[in-house]
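So the chains spell out like this:
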Amino acid sequence: MTRTARTFLIADLPADLPDRLCRSGRDPGRSRSGGNPVADRAGTPGTTAPGGTAPGRPTARGRTTLRLLGAGLAATALATTVAACGGGKDKPTGPLNVTVTRGQEASAPFASTGGEVILDLGTASPEASWGTNGGESAVVSLYVDDTYTTDLVIPASFSIPRSLDLGNVPAGDHTLKVKFADDRSPAAAHTANLTNLKFRTVTAADAGFAATQYAPVIYGRTGQGATPDVSGPFQSAVTDTPMVEFHTEAASPTTGNKIYRYSVIYSNEDGAASVPETLAQWGRSTDIAWVYQVEVNAAGQVVPGSAAVQGQDGSTVPFTGGYEGTHAVVQTCGLANSVCGKTDGQMRFSLSALDSLDPRSEAPEGIMDRNPWTYWMMSQELVREGKTAEDPIDDPTGSPTQLAGDPRSYLYLVLRKSTQGTPNTDAAWVGVSVGVKLAGNPTIYRSDLGVAKWSLRRDEPAATAIELPPGTVAEDIEQIRALRVVGLGRDTKATVQVESIERAFFLDADYKPQESFLFAPVKATLTSASPAVTLLDRANGPIIRTSASPTGSADPNATPSSTDTPLLPGITISPSMSVNLPGGKSPSATATQPSAPRTTDASSRATPTATP
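Residues numbered from 1 in each chain as written. Predicted model: local features only at pLDDT ≥ 70, side-chain atom pairs only at ≥ 80, totals over all residues. Heavy atoms only, no water.

1. Examining the pattern of salt bridges
The full count for this structure, using the stated rule, is 25 salt bridges. Among the salt bridges present, the one from Asp 448 reaches Arg 446, with a minimum N-O distance of 2.8 Å. The structure contains a network of salt bridges with shared partners spanning Arg 221, Asp 240, Asp 270, Glu 385 and Lys 387. (Salt bridge = Lys/Arg side-chain N within 4 Å of Asp/Glu carboxyl O.)

2. Some thoughts on the pairing of strand β17 (residues 327-333)
Among the 7 residues in β17, 7 count as buried, and that is most of the element. The two faces of β17 match: His 327, Val 329, Gln 331 and Cys 333 on one face and Ala 328, Val 330 and Thr 332 on the other face are all buried. As paired elements, strand β10 (residues 217-219) and β17 share 3 bridges and run parallel to each other. Following the sheet pairing, Ile 218 is matched in β17 by Val 330. Two strands pair when backbone bridges link them, and strand β16 (residues 323-324) and β17 are joined in this way by 2 bridges, in the antiparallel orientation. Within β17, the position partnered with Glu 324 by the bridge is His 327. Where β16 folds back on β17, the antiparallel hairpin that results is connected by 2 residues, among which Gly 325 adopts a positive phi of roughly 65°. For β17 and strand β18 (residues 338-340), the ladder comprises 3 bridges, and the chain directions are antiparallel. Its bridge partner being in β18, Thr 332 is matched across the sheet by Val 339. Linkage of β17 to β18, two consecutive antiparallel strands, is achieved through a turn of 4 residues, within which Gly 334 is found at a positive phi near 80°. (Buried < 20%, exposed > 50% of the residue type's maximum accessible area, 1.4 Å probe, protein only. Helix = DSSP H or I, 4+ residues; strand = E, 2+ residues; numbered from the N terminus. Pairing = 2+ DSSP bridges.)

3. Concerning the side chain of Gln 497
With respect to the helices and strands, the residue Gln 497 is situated in strand β25 (residues 495-505). A polar contact of 3.2 Å, which involves the side chain of Gln 497, links it to the backbone oxygen of Ala 524. A polar contact of 2.7 Å, which involves the side chain of Gln 497, links it to the side chain of Thr 525. Residue contacts for Gln 497: discarding those within four places in its chain leaves Arg 416, Lys 417, Ser 418, Gln 420, Lys 523, Ala 524 and Thr 525. (Polar contact = N/O pair within 3.5 Å; in protein donor to acceptor, adjacent residues only side chain to side chain. Contact = heavy atoms within 4.5 Å.)

4. Thoughts on the confidence of the model for the protein
Looking at the protein as a whole, the pLDDT averages 78, with 72% of positions reaching at least 70. Low pLDDT, under 50, characterises residues 1-94; the stretch is placed with 213 contacts to residues that sit more than four places away or in other chains. Low pLDDT, under 50, characterises residues 563-612; the stretch is placed with 118 contacts to residues that sit more than four places away or in other chains. (pLDDT = per-residue confidence, 0-100.)

5. Remarks on the nonpolar core
The nonpolar side chains of a soluble globular protein tend to be buried, and buried together. By size, the foremost hydrophobic cluster in this structure holds 61 residues, and its most contacted members are Val 100, Leu 119, Val 140, Leu 194, Phe 199, Ile 265 and Tyr 412. Looking at this core element by element, the count peaks at 7 residues for helix α8 (residues 373-384). Apart from residues no more than four positions distant in its own chain, Tyr 412 is found in contact with Gly 283, Tyr 375, Met 378, Pro 407, Thr 464, Ala 465, Arg 503, Ala 504, Phe 505 and Leu 507. Leu 411, Leu 413, Ala 474 and Leu 518 belong to the second-largest nonpolar core, a separate cluster that totals 34 residues. (Core = buried A, V, L, I, M, F, W, Y, C linked by side-chain atoms within 4.5 Å.)

6. What to know about the packing of aromatic side chains
Taken as a whole, this structure holds 10 aromatic pairs when the rule is applied. Pairing Tyr 292 with Phe 319 gives two aromatic rings, centres 5.5 Å apart and planes at 80°, and the pair type is edge-to-face. Taken together, the residues Tyr 292 in strand β13 (residues 287-296) and Phe 319 in the loop between β15 (316-318) and β16 connect sequence positions 27 residues apart. Both residues of the pair, Tyr 292 and Phe 319, belong to the buried class. For the pair Tyr 375 and Tyr 412, a centre-to-centre distance of 5.9 Å together with 75° between the ring planes defines the contact as edge-to-face. You can see Tyr 375 sitting in helix α8 and its partner Tyr 412 sitting in strand β20 (residues 410-420), a full 37 residues away along the chain. Grouped by ring-pair contacts, the aromatic residues Tyr 262, Tyr 292, Phe 319 and Tyr 323 constitute a single cluster. Against the face of Trp 130 rests Arg 384, its NZ or CZ located 5.2 Å from the ring centre. (Phe/Tyr/Trp six-rings, centres within 6.5 Å; stacked < 30°, edge-to-face > 60°. Lys NZ or Arg CZ within 6 Å of the ring centre and 35° of its normal.)

So this is what it looks like as structure tokens:
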């Protein structure tokens, strides 16, 4: 029988632990340095570990190893110090909460029974806002037994749930240290709050053990950034920061083996050619990139030679880097967040990869949906970096293919479809564009913005974002349409079978996803002869549907309509009229490059907010 991972709470610790701390003469509520900045020592960021590891790496986690099970300890040590050491008062109990400010660190002993440990916690910094230059985040560095384990970027004043992978922790007594990382924290941030810390140990008897055991450690990129002010070794504190990690599992050609692939969701991709293109093709401006994969046999052991990373050109290349125990060590390099061979990183991220996703049944953006704060962070970075305008669709001075709109004006939608007949190739493929018509508005707003190359090519559930006029709500939608598009090369004559709309939502006023209002089995076939279909029409039934059809039968609202084909965003035309993009440009299969953001009055720009 599979044993579930156990959460260790305060009750798991010795009842006299605060007294033992007080008798030892240590004030557990203060840092070892009494609140003064802590001098560097073995294991701090940037030091070289023994045994031939690269600069910036800690000693091997499988040997010295980090790790924690006594979650309640720090709560006693840090949250109840006054009562525990202050005389005859009752000893309060409560959740584990840790607060450190600039120049401070907090340390606490803990006991581990051994195993791979996941740390779940909430994070907040009163002064931090990812949308504010100079105050983007507060960064704390976590150590176990003075071994640098991970950085934690805290981007908001409201609480954000995070999950960290602390690797294999041997049985015995250990020390956890939380240090405010002055050198990598933007100047305006002074405080870091870590709340409700809970530690889960995962053993070989638990589901997810292999996924945790082989999850990679990721170092942030260094060197030249998108701009001089975000260059250098600490740029992950302000741009393209790793937010969430997850894994997928696939069967190997070898019976009984599995291939584990690990992906990271970055807050942005500075190297993206065009934000509107990214939103059209992926339904987000974050970067979701797989960074490491490995094949594991039925006994849970790595198949020799199977480890690989994603190369600079998106290819799969053998992994030749180092390990910390069973954890590969990789580094993010370049503005496209690729994995590279160098190991000079000084910011380190050890995120939990326990969360899993099946790409055949769910779009990767589903991980973002489960972590709604990632949309807030995505939006804040876009606005802060000047990549958005209030309404580029209706602005005659700007092209919607060059400027992104307010992130809250997009409909974030997932379409399930499949290409049948001639398979898509890099040289020739057909895709799908999603069109939205609003009540009382003759315009069809298209996901690909009329750029054929920006249509949806992939056949697994695919996310896209359709820019609509600011203030649009679900009740304004009159029709949702699908259009077959020759994305690149010749028309292969392949058909496209639309299966369903998996979800659709808008962001609220605070850039958080609202509840999805649409899940509908809208079955329709797109061909070169009949390339357009109206999937949903308010005249035939409600657009707002929160659950799938129990029968999964073809939706009666899916009706062919070839006159939809030439409709482009911001333009209303008949089939006989010429097709032109705003600004006199013709549709092109080549993505346009982003232009410098137009200057707007402050009141007309989307303003970042740190309100949850």
